[in-house]
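Architecture and fold: a report
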Amino acid sequence: MENFKIDVDSDGIALITFDVPGRSMNTITGSVMRDLITLVETIKTDDKIKGAVIASGKTSGFCAGADLGELNQRGAQAKDEPKSEEEKLKKQFDQSFTLNKSLRALETCGKPVAVALEGLALGGGLEIALACHYRVAADNPKIKFGLPESKVGLLPGAGGTQRLPRLIGVQNAAMMILQGADKSPQEAKGLGFINEVVPAGKTVEAAKAWVKANPKATAPWDVKGFRVKDGPFTPGGSIAYVGGNAMVSKQTNLNYPAQRNIMSCIYEGIQVPIDAALRIESRYFIKTANTPQAKGMIRTLFVNMQALGKGGNRPQGFPEYQVKKVAVLGAGLMGAGIAYVQAKAGIETVLLDVSQESAEKGKAYSKRIVDKDVSRGKLTKEKGDELLARITPSTDYSLIKGADLVVEAVFENPALKAEVTKKAEAFLGDTAVFGSNTSTLPITGLAEASVRPKNFIGIHFFSPVERMGLVELIRGKETTDETVAKAIDYVLKIRKTPIIVNDFRGFYTSRCFGTYPAEGVEMLMEGVAPAIIENVGRQCGMPMGPLEVSDSVGLDTALKIGKTNAELNQQDYKKDPRAALLSWIVEEKGRVGRKGGKGYYEYGDDGKPTRIWPGISEKIETKVTECPPELKQELTKRFLFRQCIEVARCFEEGVITDPRDADVGSILAWGFAPYTGGCISYIDLFWGTKKFVEEADRLADAYGERFRPNKLLRDMAAKGETFYERFGAKKAA
Ligand code: NAI
């Protein structure tokens, strides 16, 4: 066994050290699963062993669960898979059930087994612990125990859905599993799935003491007469199921099959003996793991996010860039947020504005966040003060001297940006990077003001900076790989996820995101009731309805963009009915959106939308006031296809080149329905390019050329290619 070491003490208690070689954290790999079979057999048959204590050999914790990277690969290497669907499912079931079988064998080995948890146990890690007879945890509130599988579209498949409800009741377990929530050792003890909490470093000792005192251990559910606290036919059980199902429907809009399957799996499993229950769980696990939702979510939200978080898209061959000091130009909404995340990451920050007062105001933004965190106990006063001391608000550009990077976040005005670029570069070292946070101005154009355009790059943050995890890096025509690598090192240092795009109008995120509110306006003009548009938008997985999104962005901003686009295409913008509608709302009715307290919605004093503005009916006759399922399905397709087709266009035009960037960017930047795994995974996994093209053609015939698939999509459809095959393989080569 390469993953477990056994030391039997003089009392006959085997200390089993779980330590996956070459990794900083234990995960359940194929090799661990094979070793577990041997391990359980040894505990069971070795007469010298009277009982066992399992502990981790890592300081990082006990075990973080299944190796999702391996799971993701298994799906990709479908070459030697059995041909028929039935054989394939059988093979998957056998693979998945192996772990359940081993853990059940451990539980029924006839000898007491305890687990000593000095650190986190998540997913499969906690499931191993649940299959032990006794669980001891170190008293450290930072330790997490939980079953987070549902967060990547899966369900716990190693007994978690069956043992946890049997231990702590259906209602408590269902809540934990559905939300993927974690608990501290004390909370876990309170709920009843940790038996004992002891001082750190003492868990093995306590676990051994228990094993010694309990030579014959069985799981509670193997004792005759065992009953689940709130099983299906108890008053508590009906609350758990009726309330639970309603909650799942409300929160997921039934877009996430994992949550529904978790409910079914618990309900069905809890009514039968544990052995049958574990088989039920394995079936639901396979059913869930085979959904496009699980495949997309695992790939994008786990594998890709992890890869990008480690610099997976960083040009190679450049040493890590040490970013110690950064100057931020402009202490407005964005500059203030950028200063905060930098200071939090330990970067010395110079925050420059036109007056000392404005610069101080920018720093005050950080102070507000720090004060709140200190008052909530999330940060000590001392650490808060250290963070704030890293920000120097000023008007003096000479303080830029010695900076490794500059982020420019002044008004969106090319002349002003050119001026501050020159001013800043006068103090900037030759190898330092200059990044512009512009949201719309082409980087190549802005770089013209720079004396070293090779070091010039777009560093596009999202608002609010401290909450949004993505940064879009935009290569100008002259930006070098080295500059991209340095910018990535900066983004990783402030703990955000970078994606890399090329310099085209709207870059990647703003361009694609804009199609969602635009499709909402198309529907509005067709006479679909605004409430239907908004509800379907949310129900198909977007964070807000498209009209509410427009209000948030600002209808005046949308009008300005519409006018610019019309100008670029040499059209009279008012001839476009969409622009005419917008101009009427903004210029005649004075409704600019949320910031003005009126837009497509009316807003209360708290800034929250109260109702859709009825005045819209003066201009638009509502013709569709009912939304039967077929209409909902059609509107859903329109929303999602429209965005995905724009993403496909971005690939064809070279705006974006890596499907991982495209998928992660679509979810983190504009909230594209997360259950899909992102725009590209929606095309690849939910449809396949061939069917996607057929459906897009149908939509184009029915609603307009905006849905017409581009050449790239048609080419891929003809070859039966996916984006990950075409663009992923090219990258690897
Ligand atoms: P803002 O209007 O809140 O702040 C701009 C700041 O720049 C003001 O404090 C102003 O006094 C300062 N400034 C003007 N001239 C200056 C100079 N010569 N030297 C130093 N500071 C100067 O604007 P906001 O929203 O922070 O936007 C800044 C940039 O970020 C713009 O390019 C914008 O397009 C971009 N952006 C904005 C996003 C948003 O959601 N607001 C999102 C992503 C990018």
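Criteria and thresholds
- Residues numbered from 1 in each chain as written.
- Predicted model: local features only at pLDDT ≥ 70, side-chain atom pairs only at ≥ 80, totals over all residues.
- Heavy atoms only, no water.
- Helix = DSSP H or I, 4+ residues; strand = E, 2+ residues; numbered from the N terminus.
- Rg over C-alpha atoms; globule rule 2.2 N^0.38 Å.
- Buried < 20%, exposed > 50% of the residue type's maximum accessible area, 1.4 Å probe, protein only.
- Contact = heavy atoms within 4.5 Å.
- Areas by Shrake-Rupley, 256 points an atom, 1.4 Å probe, with all protein chains shown as cover.
- Phe/Tyr/Trp six-rings, centres within 6.5 Å; stacked < 30°, edge-to-face > 60°.
- Pairing = 2+ DSSP bridges.
- Polar contact = N/O pair within 3.5 Å; in protein donor to acceptor, adjacent residues only side chain to side chain.
- Domains from an automatic or database assignment.
- Axes fitted to C-alpha atoms, helices over the stretch in contact; angles between N-to-C directions.
- Near = heavy atom within 4 Å.
- Nonpolar A, V, L, I, M, F, W, Y, C, P; charged D, E, K, R; others polar.
- Salt bridge = Lys/Arg side-chain N within 4 Å of Asp/Glu carboxyl O.
- Core = buried A, V, L, I, M, F, W, Y, C linked by side-chain atoms within 4.5 Å.
- Parallel < 35°, antiparallel > 145°, perpendicular 65-115°, else oblique.

Here we come to the overall build of the protein chain. The number of helices and strands found in the protein chain is 30 helices and 19 strands. For 733 residues, the compact-globule formula gives about 27 Å, and the C-alpha radius of gyration of the protein chain, at 28 Å, lands near that figure. With respect to the three principal axes, the spread of C-alpha positions in the protein chain is 85 × 60 × 55 Å. Looking at the protein chain as a whole, 54% of its 733 residues are labelled buried. Within the protein chain, counting contacts between residues at least 6 apart in sequence, those at least 24 apart form 73% of the total. Per element, the accessible surface of the protein chain, about 32,200 Å² overall, is 53% carbon and sulfur.

As enumerated under the stated definition, the model contains 22 aromatic pairs in all. Relative to Trp 210, the ring of Tyr 134 has its centre 4.5 Å away and its plane inclined at 5°; by these criteria the two rings are stacked. In this pair, Tyr 134 is assigned in strand E6 (residues 134-138) and Trp 210 in helix H8 (residues 203-213), connecting sequence segments 76 residues apart. Of the residues examined, Tyr 134 reaches a relative accessible area of 13% and is grouped as buried. Owing to a relative accessible area of 16%, Trp 210 belongs among the buried residues under this scheme. Consider the rings of Phe 723 and Phe 727, whose centres lie 5.9 Å apart with planes at 20°: the pair is stacked.

On to the sheet that holds strand E7 (residues 145-146), then. Strand order in the open sheet formed by 3 strands is E5-E7-E8, and the pairing between neighbours is mixed. On the outer flanks of this sheet lie strand E5 (121-122) and strand E8 (182-183), each paired with one strand and no other. As paired strands, E7 and E8 are joined by 2 bridges and run antiparallel to one another. Within the sheet, the bridge partner assigned to Phe 145 lies in E8 and is Lys 183.

Along the chain, the position of Asp 658 falls in the loop between helix H25 (629-653) and helix H26 (659-670). In this structure Asp 658 comes out as buried when scored by relative accessible area, which is 2%. At 2.8 Å, the side chain of Asp 658 forms a polar contact with the backbone nitrogen of Arg 660.

With 5 of its 6 residues buried, strand E17 (residues 497-502) lies for the most part within the structure. Sheet topology places strand E16 (residues 470-475) next to E17; 6 bridges connect them, and they run parallel. Along E17, the bridge assignment pairs Glu 472 with Ile 499.

What follows is about the domain arrangement of the protein chain. According to the domain assignment, the protein chain consists of domain 1 (4-290), domain 2 (325-504) and domain 3 (508-554 + 593-733). The C-alpha centroid of domain 2 is placed 45 Å from the C-alpha centroid of domain 1.

Taken together, the 8 strands give an open sheet; going across it, the order is E12-E11-E10-E13-E14-E15-E16-E17, and neighbouring strands pair in mixed fashion. This sheet does not close on itself; its edge strands, each paired only once, are strand E12 (391-394) and E17. Between one strand axis and the next, the sheet turns by 25° as a mean value, whatever way the strands run. Where strand E10 (residues 325-329) lies against strand E11 (residues 348-352), 5 bridges are found, and the strand directions are parallel. Opposite Leu 329, over in E11, you have Leu 352 as the bridge partner. The strands that helix H13 (residues 333-344) touches are E10, E11, E12 and strand E13 (405-408); relative to E11, the one it contacts most, it runs at about 170°.

Inspection of the region around the ligand gives 22 residues, with Met 334, Asp 353, Glu 412, Lys 417 and Ser 439 positioned closest. Residue Leu 333 places a main-chain N or O atom 2.9 Å away from an oxygen atom belonging to the ligand. Coverage of the ligand by the protein amounts to 80% of the 830 Å² it exposes when considered alone. The greatest single-element share of the shell around the ligand, amounting to 3 residues, is contributed by helix H16 (residues 414-425). Of the residues belonging to the shell around the ligand, the class tally is 12 nonpolar, 7 polar and 3 charged.

Glancing now at the environment of Ala 339. Assignment of secondary structure puts Ala 339 in helix H13. Along the chain, Ala 339 and Lys 48 lie 291 residues apart, while their C-alpha atoms are 62 Å from each other. Excluding residues that lie within four positions of it along the chain, Ala 339 makes contacts with Thr 349, Leu 351, Ser 366 and Ile 391.

Here the focus is the pattern of salt bridges. Throughout the structure, instances matching the rule amount to 49 salt bridges. As a salt-bridge pair, Glu 482 and Lys 486 come within 3.8 Å of each other at their nearest N and O atoms. Placement of the pair is Glu 482 and Lys 486 together in helix H18 (residues 481-493), with a separation of 4 residues, close to one helical turn. We note a salt bridge from Arg 511 to Glu 653, for which the minimum N-O separation is 2.9 Å.

Let us now look at unusual backbone geometry. Of note, the bond from Ser 463 into Pro 464 is cis; its omega dihedral lies within 30 degrees of zero at -10°. Structurally, Pro 464 is set in the loop between strand E15 (456-460) and E16. Even without a glycine there, the phi angle at Asn 253 is positive, about 50°. You can see Asn 253 is positioned in the loop between helix H9 (235-252) and helix H10 (257-269). Judged by its relative accessible area of 28%, Asn 253 falls in the partly exposed class. Positive phi, normally seen in glycine, also occurs at Arg 495, with a value near 60°. Tracing the backbone through its elements, the reader meets Arg 495 in the loop between H18 and E17.

Another aspect to go through is the nonpolar core. Grouped together as the largest cluster of nonpolar side chains are 133 residues, with contacts concentrated most on Leu 329, Ile 400, Phe 461, Tyr 490, Tyr 508, Tyr 600 and Phe 723. Looking at which element gives the most residues to this core, the answer is H25, with 10 residues. Shared between two domains, this core takes at least three residues from each, and those domains are domain 2 (325-504) and domain 3 (508-554 + 593-733). Ignoring any residue separated from it by four or fewer positions in sequence, one finds Tyr 490 in contact with Val 323, Val 326, Ile 338, Gln 342, Ile 347, Leu 405, Val 407, Ile 459 and Phe 461. Judged by nonpolar contacts, the second largest core, of 68 residues, contains Ile 28, Ile 177, Ile 194 and Met 263.

The next subject is the packing of helix H21 (residues 530-539) against helix H22 (residues 546-553). At a closest axis distance of 7 Å, the pairing of H21 and H22 adopts a crossing angle of 90°. By the angle class used here, H21 and H22 are roughly perpendicular. For the pair formed by H21 and H22, the contact residues are Pro 530, Ile 533, Glu 534, Gly 537 and Arg 538 on the first element and Pro 546, Leu 547 and Glu 548 on the second.

Side-chain direction in a regular strand flips from residue to residue, so the side chains alternate between the two faces of the sheet. Examined bridge by bridge, strand E1 (residues 4-8) and strand E2 (residues 13-18) share 5 bridges and lie antiparallel to one another. Looking at E2, one finds that Ile 6 is bridged to Ile 16. With antiparallel pairing between neighbouring strands as the criterion, E1 and E2 make up a hairpin whose turn holds 4 residues, including Gly 12 at a positive phi of roughly 85°.

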